Amino acid sequence: GDSVTQMEGPVTLSEEAFLTINCTYTATGYPSLFWYVQYPGEGLQLLLKATKADDKGSNKGFEATYRKETTSFHLEKGSVQVSDSAVYFCALGNFGNEKLTFGTGTRLTIIP
Amino acid sequence: NAGVMQNPRHLVRRRGQEARLRCSPMKGHSHVYWYRQLPEEGLKFMVYLQKENIIDESGMPKERFSAEFPKEGPSILRIQQVVRGDSAAYFCASSLTDKTEAFFGQGTRLTVV
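How each quantity is defined
Residues numbered from 1 in each chain as written. Chains lettered and ligands numbered in written order. Predicted model: local features only at pLDDT ≥ 70, side-chain atom pairs only at ≥ 80, totals over all residues. Heavy atoms only, no water. Helix = DSSP H or I, 4+ residues; strand = E, 2+ residues; numbered from the N terminus. Rg over C-alpha atoms; globule rule 2.2 N^0.38 Å. Disulfide = S-S within 2.5 Å. Buried < 20%, exposed > 50% of the residue type's maximum accessible area, 1.4 Å probe, protein only. Contact = heavy atoms within 4.5 Å. Buried area = accessible area lost by both parts, 1.4 Å probe. Salt bridge = Lys/Arg side-chain N within 4 Å of Asp/Glu carboxyl O. Polar contact = N/O pair within 3.5 Å; in protein donor to acceptor, adjacent residues only side chain to side chain. Nonpolar A, V, L, I, M, F, W, Y, C, P; charged D, E, K, R; others polar. 1 Å grid on protein atoms, 1.4 Å probe; cavity = no way out; pocket = protein on both sides within 12 Å on 5 of 7 lines; lining within 4 Å. Points joined across faces, edges and corners; volume = space filled by probe spheres on them. Phe/Tyr/Trp six-rings, centres within 6.5 Å; stacked < 30°, edge-to-face > 60°.

Observations regarding the overall build of chain A
Step number 1: If you tally the helices and strands in chain A, you get zero helices and 12 strands.
Step number 2: Element order for chain A, N to C, with α for helix and β for strand: β-β-β-β-β-β-β-β-β-β-β-β.
Step number 3: Relative to the compact-globule value of 13 Å for 112 residues, chain A shows a C-alpha radius of gyration of 13 Å, a close match.
Step number 4: Counting only C-alpha atoms, chain A reaches 45 × 25 × 20 Å along its principal axes.

Observations regarding the state of the cysteines
Residue and element names in this part refer to chain B.
Step number 1: Here the structure, examined in full by the defined rule, presents two disulfides over all chains.
Step number 2: Note that Cys 23 is cross-linked by a disulfide to Cys 92, the S-S spacing being 1.8 Å. Looking along the S-S bond of the Cys 23-Cys 92 disulfide, the torsion reads about -50°, which is the left-handed sense. Here Cys 92 lies in strand S9 (residues 88-95) and Cys 23 lies in strand S3 (residues 19-24), a separation of 69 residues in the sequence. Across the pair, Cys 92 and Cys 23 agree in class, each one buried.

Details of the interface of chain A and chain B
Step number 1: Counting residues at the interface gives 17 residues for chain A and 23 residues for chain B.
Step number 2: Overall, the association of chain A and chain B removes approximately 1500 Å² of surface from exposure, summing both partners, and the carbon and sulfur fraction of that is 53%.
Step number 3: Scanning the region where chain A abuts chain B turns up zero salt bridges.
Step number 4: Where chain A meets chain B, there are two residue pairs in polar contact (both at pLDDT 80 or more).
Step number 5: Partitioning the side of chain A that touches chain B into residue classes produces seven nonpolar, seven polar and three charged.

As for the layout of surface pockets
Step number 1: As a volume, the largest pocket reaches approximately 680 Å³.
Step number 2: What lines the largest pocket is a set of 29 residues, and nearest its centre among them are Val 87, Phe 89, Thr 104 and Arg 107 of chain A together with Gln 37 of chain B.
Step number 3: Elements with a contribution of two residues or more to the lining of the largest pocket: strand S10 (86-93) and strand S12 (106-111) of chain A together with S9 of chain B.
Step number 4: With four residues, the top contributor of residues to the lining of the largest pocket is S12 of chain A.
Step number 5: Residue composition of the lining of the largest pocket, by class: 11 nonpolar, 11 polar and seven charged.

Quick notes on the packing of aromatic side chains
Step number 1: Summed over the entire model, instances satisfying the criterion amount to 11 aromatic pairs over all chains.
Step number 2: Centre to centre, the rings of Tyr 36 of chain A and Phe 104 of chain B are 5.4 Å apart; their planes meet at 80°, and the pair counts as edge-to-face. Linking Tyr 36 of chain A in strand S5 (residues 32-38) with Phe 104 of chain B in strand S10 (residues 103-104), this pair reaches from one chain into another. For the pair Tyr 36 of chain A and Phe 104 of chain B, a shared accessibility class is recorded, and that class is buried.
Step number 3: Site record: aromatic cluster; members linked through ring pairs are Phe 34, Tyr 36, Phe 89 and Phe 102 of chain A together with Tyr 35, Phe 45 and Phe 104 of chain B.

As for the pattern of salt bridges
Any two side chains of opposite charge can pair, on the condition that their charged atoms come close.
All names here are of chain B.
Step number 1: For the structure on display, the rule yields seven salt bridges over all chains.
Step number 2: In this structure, Asp 86 and Arg 64 form a salt bridge, with 2.7 Å as the shortest nitrogen-oxygen distance. Residue Asp 86 is located in the loop between strand S8 (75-79) and S9, and its partner Arg 64 is located in the loop between strand S6 (53-56) and strand S7 (65-68); the two are separated by 22 residues in the primary sequence.
Step number 3: Given the relative accessible area of 3%, Asp 86 is considered buried.

Thoughts on the environment of Phe 34 of chain A
Residues and elements named next belong to chain A.
Step number 1: As for its placement among the helices and strands, Phe 34 is situated in strand S5.
Step number 2: The class for Phe 34 is buried, based on a relative accessible area of 9%.
Step number 3: The residues contacting Phe 34, other than those within four sequence positions of it, are Leu 46, Leu 48, Lys 49, Phe 73, Phe 89, Cys 90, Ala 91, Leu 92, Gly 93 and Leu 100.

This is the structure in structure tokens:
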């Protein structure tokens, strides 16, 4: 079945550091790929997505590129801020919104 | 426009009791999804509902679990005769259609003692 493997956390970085959170997947067909973020005390929010190979999703300075050859969708940001502290979830979906498959989440803490 | 509201945020139940988790979707949303996150695991799909209909319940345990989304009122996830293994975070999401962005609630953390 489908699965998503995420970089284990927690991850602690200093402000303005470069961020990479690794995500790899196994899936049948050609899934869409997503990154969700959960800020403290809030629900999950869609951060970015990509629907086909070589697509790049981007939002709020975060980027991720759909790499079919390496089955990866790594999240990157060039200069993180304290406000980026949150839990990040990688996910894939084959049918629209139903049956999204999530990774375990990576807790990111940014220190000033 | 309020987001997806789940309540309670935290629920403690003794083994054998019933747990009822509520989810009020965003205004105008008629598609609701429930996910469960067991400790140290990712969110797992449980059930997909539209108003008064269960569309896909392939992720729901066959026994003790049920879900509904009535014409009026919130969606309810009901767990009968809870066991320790039901302790988890339960997330609800809603969307306008099955192809548009799903918005998630804050989750209900169920602890069975």
